[in-house]
Amino acid sequence: APIFVSTPFQASVLENVPLGYSVLHIQAVDADSGENARLEYKLIEMAPSSGGAPVTGDSGFPFQINNSTG
């Protein structure tokens, strides 16, 4: 199973940072080898008003992650 190098993840973003600004780097490692060691990263917007359930549809979530490198 993948293990994150450091947790928890928390960051603050100033409102005037340029588009594409790197806010946080996330890294995980997996002891498996080959295709079984391939990791995929994904951001999911969680809505506080829905008890932490993922938000569906186009909500305008302003963040992106490289799904291969974190």
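Calculation criteria
Residues numbered from 1 in each chain as written. Predicted model: local features only at pLDDT ≥ 70, side-chain atom pairs only at ≥ 80, totals over all residues. Heavy atoms only, no water. Helix = DSSP H or I, 4+ residues; strand = E, 2+ residues; numbered from the N terminus. Buried < 20%, exposed > 50% of the residue type's maximum accessible area, 1.4 Å probe, protein only. Contact = heavy atoms within 4.5 Å. Areas by Shrake-Rupley, 256 points an atom, 1.4 Å probe, with all protein chains shown as cover. Polar contact = N/O pair within 3.5 Å; in protein donor to acceptor, adjacent residues only side chain to side chain. Salt bridge = Lys/Arg side-chain N within 4 Å of Asp/Glu carboxyl O. 1 Å grid on protein atoms, 1.4 Å probe; cavity = no way out; pocket = protein on both sides within 12 Å on 5 of 7 lines; lining within 4 Å. Points joined across faces, edges and corners; volume = space filled by probe spheres on them. Nonpolar A, V, L, I, M, F, W, Y, C, P; charged D, E, K, R; others polar.

The name an unreviewed UniProt entry assigns to the protein chain is CELR1 protein, from the organism Zosterops hypoxanthus.

J.: What should I look at first to understand the overall build of the protein chain in this one?
T.: A tally of helices and strands in the protein chain yields 0 helices and 4 strands. Helices (α) and strands (β) of the protein chain occur, in sequence order from the N terminus, as β-β-β-β. When each of the 70 residues of the protein chain is scored for burial, the buried share is 10%. Of the contacts made within the protein chain by residues no fewer than 6 positions apart, 43% connect residues no fewer than 24 positions apart. Of the accessible surface of the protein chain, which amounts to about 6,100 Å², a share of 52% is contributed by carbon and sulfur atoms.

J.: Explanation requested: the environment of D30 in the structure shown.
T.: Relative to the helices and strands, D30 resides in the loop between β2 (28-29) and β3 (46-47). With a relative accessible area of 17%, D30 lands in the buried category. The sequence separation of D30 and P2 amounts to 28 residues, and the corresponding C-alpha distance is 4.5 Å. Engagement of the side chain of D30 in a polar contact is seen with the backbone nitrogen of D32, the distance being 2.8 Å.

J.: When you look at the pattern of salt bridges in this model, what are you seeing that I'm missing?
T.: Where charged atoms of side chains with opposite charge meet at close range, the side chains can pair. Enumeration over the complete set of coordinates arrives at 2 salt bridges. Among the ionic pairs, R38 bridges to E35, the shortest N-O distance being 2.9 Å. Summarising the burial analysis for this pair, R38 and E35 share the class exposed. Between E40 and R38 there is a salt bridge; the shortest N-O distance is 4.0 Å. There is no split in this pair, since E40 and R38 are both exposed.

J.: When you look at the layout of surface pockets in this model, what are you seeing that I'm missing?
T.: Picture a little ball the size of a water molecule; that probe, rolled over the atoms, points out where space is still empty. By volume, the largest pocket amounts to about 870 Å³. Forming the walls of the largest pocket are 30 residues, and the residues nearest its centre are V23, L43, F63, Q64 and I65. A per-class count over the lining of the largest pocket returns 21 nonpolar, 6 polar and 3 charged.

J.: What is the right way to look at the environment of S6 in this model?
T.: In this fold, S6 is placed in the loop between β1 (3-4) and β2. For S6, a relative accessible area of 44% corresponds to the partly exposed category.

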